[in-house]
Amino acid sequence: MSELSELRNDWSTVGKGWGLTTSVRNASRAISLSDPQLAINILQAISETPGSGVEIKYFLTLAHANSGSRKEVYLHLDELMSIVNKKDKEYVSALCLQGRLEKDRFIRLKGEEGAADALRRALKAYLEAYEFSQESFPGINAATLSYLEGDIETSQKIASEIIESKAQDQGELWQLATLAEAYLLKHEFDAAIDSYRQFIALCGRDYGTLNSTRKSCILLADKIDLPQELSELFDGPRICAFTGHMFDTDDRAQPRFPESLGASAVSYTHLRAHETPE
């Protein structure tokens, strides 16, 4: 039984007896195992428990963010930001979550009404988190968003601070991605490419993580003339989606896709999949 299956089974059998601490810990596990709905179910069951507060609201907001529920997540985010303060251990995480959601909104609205406001809100949240914590995650986001807003001086100042610190507060994978982006903001392209190469090699086939970093490069490409070599680094695998294809059954009167065409279909698909895109 997988870890996620085991957690789901525990929730359905004994979850109602979990205390506050166990429920929060298991909701966090559910989020890390990519089951935000399970986390929501766990957290909603304890949301009215005496002693619940900022921590519950933070994880509930994070779970809704990861589930893609845009309407619900902003309701929870407004509540979270109205109760969190600098004394809470979730303070920086809450600001970073606000920054992430506003940054995502900026990307969705890019070029449309509301995009500039979303960019400003995202930048404000990340800047506040960085100034309070000096952590490289909110720092690199603040630096990139500052660049996008046209404040190159602030962007490169933060990028320099991150490079000087070597982003040592992050694991090796994200340390490389963070340093690469900082070098990019400083226009130190050779160093950026070297760090991105190491990051990509370490990622392997983790295309979700690769795409997350690739999106930051795409954002900056509107403001920075990126070297062709850098653009080519993030060429991902081709993806073919086949839906609804099956051989005709024996009782089909009018042939549509007889099994005799199977070998030809495989050869043609293989040929097209390996063509050089235009």
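Please read all numbers here as calculations on a predicted model, not as lab measurements.

**Here's the deal with the layout of surface pockets**
The volume enclosed by the largest pocket comes to roughly 1000 Å³. What lines the largest pocket is a set of 31 residues, and nearest its centre among them are R100, Y126, F137, N141 and S212. When contributions to the lining of the largest pocket are tallied by element, the ones reaching two or more residues are α2 (20-32), α4 (54-67), α6 (91-109), α8 (136-149), α10 (172-185) and α12 (207-220). Among the residues forming the lining of the largest pocket, the class breakdown is 14 nonpolar, 11 polar and six charged.

**Looking at the pattern of salt bridges**
A side chain with one charge can pair with a side chain of the opposite charge if their charged atoms come near. Applying the stated criterion across every chain, the model contains 12 salt bridges. Between K57 and E79 there is a salt bridge whose closest N-O contact spans 2.8 Å. In this pair, K57 is assigned in helix α4 and E79 in helix α5 (residues 70-83), connecting sequence segments 22 residues apart. By relative accessible area, which is 14% here, K57 ends up buried. The salt bridge involving K89 is made with E90; its shortest N-O contact spans 2.9 Å. Note on E90: relative accessible area 8%, which makes it buried.

**A look at the nonpolar core**
L184 and Y196 are the most contacted members of the largest nonpolar core, which totals 77 residues. For L184, the residues in contact, after removing those within four places along its chain, are F189, A192, Y196, C217, L220, I224, L226 and L230.

**Digging into helix α11 (residues 189-203)**
Counted at 1.5 Å a residue, the expected span for α11 with its 15 residues is 21 Å, and the 21 Å between its end C-alpha atoms agrees. Among the residues of α11, A192, I193, S195, Y196, F199, I200 and C203 are the ones counted as buried. Down the axis of α11, the sector holding all buried residues measures 165°, keeping them to one side. With respect to the buried face of α11, the exposed residues turned more than 90 degrees away are D190 and A201. On the buried face of α11, the contacting elements are α10, α12 and α13 (228-233). Trailing α11 by a residue or two, G204 shows a phi angle of about 65°, which is positive.

**Regarding the state of the cysteines**
Simply put, disulfide is the name for a covalent bond between the sulfur atoms of two cysteines. Evaluation of the coordinates by the stated rule reveals zero disulfides. With no disulfide of its own, C203 lies 12 Å from the sulfur of C217, the closest cysteine sulfur. Judged by relative accessible area, C217 falls into the buried class, the value being 6%.

**Description of the packing of helix α7 (residues 115-133) against α8**
Relative to each other, α7 and α8 sit at 140°, their axes nearing to 8 Å. As far as their axial angle goes, α8 and α7 are oblique. Once α7 is placed against α8, the crossing between them reads as left-handed. Across from L119, R120, A122, L123, Y126, L127, A129, Y130 and S133 in α7, the residues of α8 making contact are F137, P138, G139, N141, A142, L145, S146, L148 and E149. Tallied by class, residues from the contact of α7 with α8 come to 12 nonpolar, four polar and two charged.

What counts, and where the lines are drawn
Residues numbered from 1 in each chain as written. Predicted model: local features only at pLDDT ≥ 70, side-chain atom pairs only at ≥ 80, totals over all residues. Heavy atoms only, no water. 1 Å grid on protein atoms, 1.4 Å probe; cavity = no way out; pocket = protein on both sides within 12 Å on 5 of 7 lines; lining within 4 Å. Points joined across faces, edges and corners; volume = space filled by probe spheres on them. Helix = DSSP H or I, 4+ residues; strand = E, 2+ residues; numbered from the N terminus. Nonpolar A, V, L, I, M, F, W, Y, C, P; charged D, E, K, R; others polar. Salt bridge = Lys/Arg side-chain N within 4 Å of Asp/Glu carboxyl O. Buried < 20%, exposed > 50% of the residue type's maximum accessible area, 1.4 Å probe, protein only. Core = buried A, V, L, I, M, F, W, Y, C linked by side-chain atoms within 4.5 Å. Contact = heavy atoms within 4.5 Å. Expected span 1.5 Å × (residues − 1). Arc of directions from axis to C-beta. Disulfide = S-S within 2.5 Å. Axes fitted to C-alpha atoms, helices over the stretch in contact; angles between N-to-C directions. Parallel < 35°, antiparallel > 145°, perpendicular 65-115°, else oblique. Left-handed = near helix turned anticlockwise from the far one by under 90°.

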